[in-house]
Amino acid sequence: MMKTILLLAVAVFVSSTPVTTSVKPHTDKTPARHTDKALLGELVDELIVAIKDFPKVLPKEKLIFLKDLQMNGLDHKEREVLFCQVEQELKIKVSGLFGARFDHFRTDKKLMRNLNMYNKYHVKTCKLTDEKQDKIPLHDFLKNLLASVRNAYSQVN
Amino acid sequence: MFSTFKCQIFLTLICIALCYEPTKEDLKCFNDYETEMKCSLSSERLQSCSGHKLNITHLVFDTFEKYTCIFERNHHSDNCECNVTVEGFVATEIFNTTLLEGSNVLLYKTFMTSDFIKPKSPVLSVQKIENGNFNVTWDDQYEKNGIFFEALRINLTYGIKGGHKNISKTVPNTVRSYEIVAKNLLPNTNYILTATMSTDYNDHSIPSDQSATVEFTTCKSI
């Protein structure tokens with residue numbers, strides 16, 4: 001009788017152990033080229049839309065200023081660091097601002113999510129630049145960033 | 001003693017047979033890269049969808065978004081199916097799923113967004129044009145444009161209605177139309193056309209469901 005119960009118990013235990021599987025989970029630090037392409041391409045799309053909400057000419061009180069980060073003439077590694085700094089700058093100074101026109105920059109929206117995922121695979125943490133650095137309006141920051149992302153995209157495309 | 005042992009083995013086998021043990025192939029999930037994630041559970045030993053659900057955890061930036069997907073029987077496919085609406089998809093974001101029957105955990109499965117994209121089925125239209133050819137156009141069913149839509153391609157398949165031989169043509173979604181040359185077809189014949197869509201985001205590994213069939217008829221003389 002005990003043997004029967006033991007056998008049944010083993011059978012139930014074996015059959016009820018959850019199966020853990022993954023469907024191509026991403027474990028490498030460097031994603032496939034086509035995912036880099038997807039992330040950067042989506043970032044271009046989202047930046048183009050976001051820039052439309054921030055025309056060059058705005059009343060002074062509506063201007064948002066961000067650090068004038070070096071965005072052109074960068075090699076691949078420098079650009080990875082830049083994108084990490086951009087994410088921090090936008091997250092700290094824009095993502096939480098009140099107003100519908102800042103919705104593009106919320107951390108649950110695609111612009112920030114694509115930037116975040118790109119950085120997770122490239123540079124997760126980066127040294128923030130000095131706060132005393134020169135500042136430029138958000139419109140100019142985004143335009144410079146768009147050019148840099150387009151450059152990165154062309155190199156993986 | 002031997003008959004007791006046989007009885008033990010028999011009971012063990014009965015238990016193994018009756019205990020539902022899903023495999024990774026039984027659980028399939030797809031996303032349309034817009035707002036919808038659909039999952040299906042299929043198994044010959046799955047008697048009822050009742051009580052089965054999928055807890056889904058999706059890491060968005062630094063926040064875990066949680067969804068519960070409750071399975072129901074699909075009478076067309078006889079599978080258990082469920083779907084959830086997601087606030088947009090990003091290529092490398094991860095969905096962790098836990099398949100439950102009641103409170104009993106049956107299976108864990110992880111999906112990376114780009115790997116399980118299954119685009120929406122296209123909606124086809126065929127128009128006869130002045131030169132006698134047939135202009136095929138389609139609606140990819142997506143609202144926005146951009147890199148994802150440029151990465152789609154459509155696989156058109158047409159052939160004689162009731163026939164066995166088909167012709168397949170693949171074109172980028174951005175082309176927006178395809179012309180079937182009438183002189184390559186038989187005169188006074190009914191043809192049928194279907195299509196699927198696939199994406200470069202996962203190397204076109206998962207095609208969409210097949211579109212609805214459209215028919216066109218060639219002239220008596222071509």
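Note that this is a predicted model, so its numbers are computed, not measured.

### With respect to the sheet that holds strand E2 (residues 36–41) of chain B
Strands belonging to one sheet form pairs held by backbone hydrogen bonds; the direction of such a pair is parallel or antiparallel.
All names here are of chain B.
Next, step 1: Read from one edge to the other, the open sheet built from four strands follows the order E1-E2-E6-E5, with strand pairing classed as antiparallel. Each edge of the open sheet carries a strand with a single partner, namely strand E1 (27–31) and strand E5 (72–73).
Next, step 2: Pairing of E5 with strand E6 (residues 80–85), which is carried by two bridges, proceeds in the antiparallel orientation. Bridge pairing in E6 links Glu 72 to Glu 81.

### Here we look at the pairing of strand E15 (residues 214–217) of chain B
Residue and element names in this part refer to chain B.
Next, step 1: By the alternation rule, side chains of E15 split into Val 214 and Phe 216, which are all buried, and Glu 215 and Thr 217, of which none is buried.
Next, step 2: Strand direction decides the pairing type here: strand E14 (residues 190–199) and E15, joined by four bridges, are antiparallel. Paired with Leu 193 across the bridge in E15 is Val 214.

### A look at the confidence of the model for chain B
Next, step 1: Residues with a pLDDT of 70 or more make up 93% of chain B, whose mean pLDDT is 91.
Next, step 2: The ipTM for the predicted assembly is 0.84, set against a pTM of 0.85.

### Section: the environment of A:Phe102
All names here are of chain A.
Next, step 1: Locating Phe 102 in the fold gives a position in the loop between helix H3 (76–93) and helix H4 (110–121).
Next, step 2: Remark: the alpha-carbon pair of Phe 102 and Ala 147, spanning 45 residues in sequence, is separated by 21 Å.
Next, step 3: Not counting residues within four places of it along the chain, the set of residues in contact with Phe 102 comprises Phe 54, Ile 64, Val 94, Leu 97 and Leu 138.

### Let's talk about the nonpolar core
Next, step 1: Counting residues in each nonpolar core, the largest one holds 92 residues, and the members touching the most others are A:Leu90, A:Leu138, B:Met37 and B:Phe71.
Next, step 2: When neighbours within four sequence positions are excluded, B:Phe71 is seen to be in contact with B:Leu27, B:Cys39, B:Ser40, B:Leu41, B:Cys49, B:His52, B:Lys53, B:Leu54, B:Cys80, B:Glu81, B:Cys82 and B:Leu99.

### What about the environment of B:Leu27?
Residue and element names in this part refer to chain B.
Next, step 1: You can see Leu 27 is positioned in strand E1.
Next, step 2: Given a relative accessible area of 0%, Leu 27 falls into the buried group.
Next, step 3: When neighbours within four sequence positions are excluded, Leu 27 is seen to be in contact with Cys 39, Ser 40, Leu 41, Leu 54, Phe 71, Thr 97, Leu 107 and Lys 109.

Quick notes on the rules
Residues numbered from 1 in each chain as written. Chains lettered and ligands numbered in written order. Predicted model: local features only at pLDDT ≥ 70, side-chain atom pairs only at ≥ 80, totals over all residues. Heavy atoms only, no water. Pairing = 2+ DSSP bridges. Helix = DSSP H or I, 4+ residues; strand = E, 2+ residues; numbered from the N terminus. Buried < 20%, exposed > 50% of the residue type's maximum accessible area, 1.4 Å probe, protein only. pLDDT = per-residue confidence, 0-100. Contact = heavy atoms within 4.5 Å. Core = buried A, V, L, I, M, F, W, Y, C linked by side-chain atoms within 4.5 Å.

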